[in-house]
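Structural description and commentary
Here are the chains, one letter per residue:
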Amino acid sequence: MATYSLANERLRALEDIEREIGAILQNAGTVILELSKEKSNERLLDRQAAAFTASVQHVEAELSAQIRYLTQVATGQPHEGSSYSSRKDCQMALKRVDYARLKLSDVARTCEQMLEN
């Protein structure tokens, strides 16, 4: 159950980042619109530019944190809430068992053929 809440928390964080990117685009649009006017409001431009910069820095930090998390999980390093490494080890062990079973059946078939001759 904890894995689901961690996954939901990660998804919520990504949704927050997405909303922040929308705000960044909105700030950029406001700045462009203001710059296209003959007489631009410098105060508004300064506020929007500061908001844009702060939002970009926040998004960059959050995305870096998400990438660091995904790197830890994907490389098999121990991580709380992640069972990927254990599942992958189990899957690989099952594949090795299947391969060994296949090779043993080949050996048995070869032995039977030799005994028949």
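Quick notes on the rules
All residue numbers refer to positions counted from 1 along the written sequence of the respective chain. In keeping with the predicted nature of the model, local features appear solely for residues at pLDDT of at least 70, side-chain atom pairs appear and are counted solely at 80 or more, and the whole-chain, interface and lining totals rest on all residues. In computing side-chain values, all of the structure's heavy atoms are included and hydrogens and water are not. UniProt positions are given in the numbering used here, feature names are shortened, and annotations may be inferred rather than shown by experiment. Only the six-membered ring of Trp is used, alongside the rings of Phe and Tyr, when aromatic pairs are assigned; centres must lie within 6.5 Å, and planes under 30 degrees apart are stacked while those over 60 apart are edge-to-face, with the rest tilted. Any Lys NZ or Arg CZ found within 6 Å of a ring centre and within 35 degrees of that ring's normal is scored as a charge over the ring. Working definition: helices are DSSP H or I runs of at least four residues, strands are E runs of at least two. Numbering for both runs from the N terminus.

As annotated in an unreviewed UniProt entry, the protein carries the name Mediator of RNA polymerase II transcription subunit 11 and is attributed to Panthera leo. Here the protein is described in UniProt, under the heading Sequence similarities (unreviewed entry), as follows: "Belongs to the Mediator complex subunit 11 family." Quoted straight from UniProt, the Subcellular location (unreviewed entry) entry for the protein says "Nucleus".

Counted according to the given criterion, the structure contains 0 aromatic pairs. Directly above the aromatic system of Tyr69 lies the positively charged group of Arg10, at a separation of 3.7 Å from the ring centroid.

Turning our eyes to something else, we now look at the environment of Arg19. Within the secondary structure, Arg19 is located in helix H1 (residues 2–36). Considering only alpha carbons, one finds Arg19 and Val59, 40 residues apart in sequence, at a separation of 9.8 Å.

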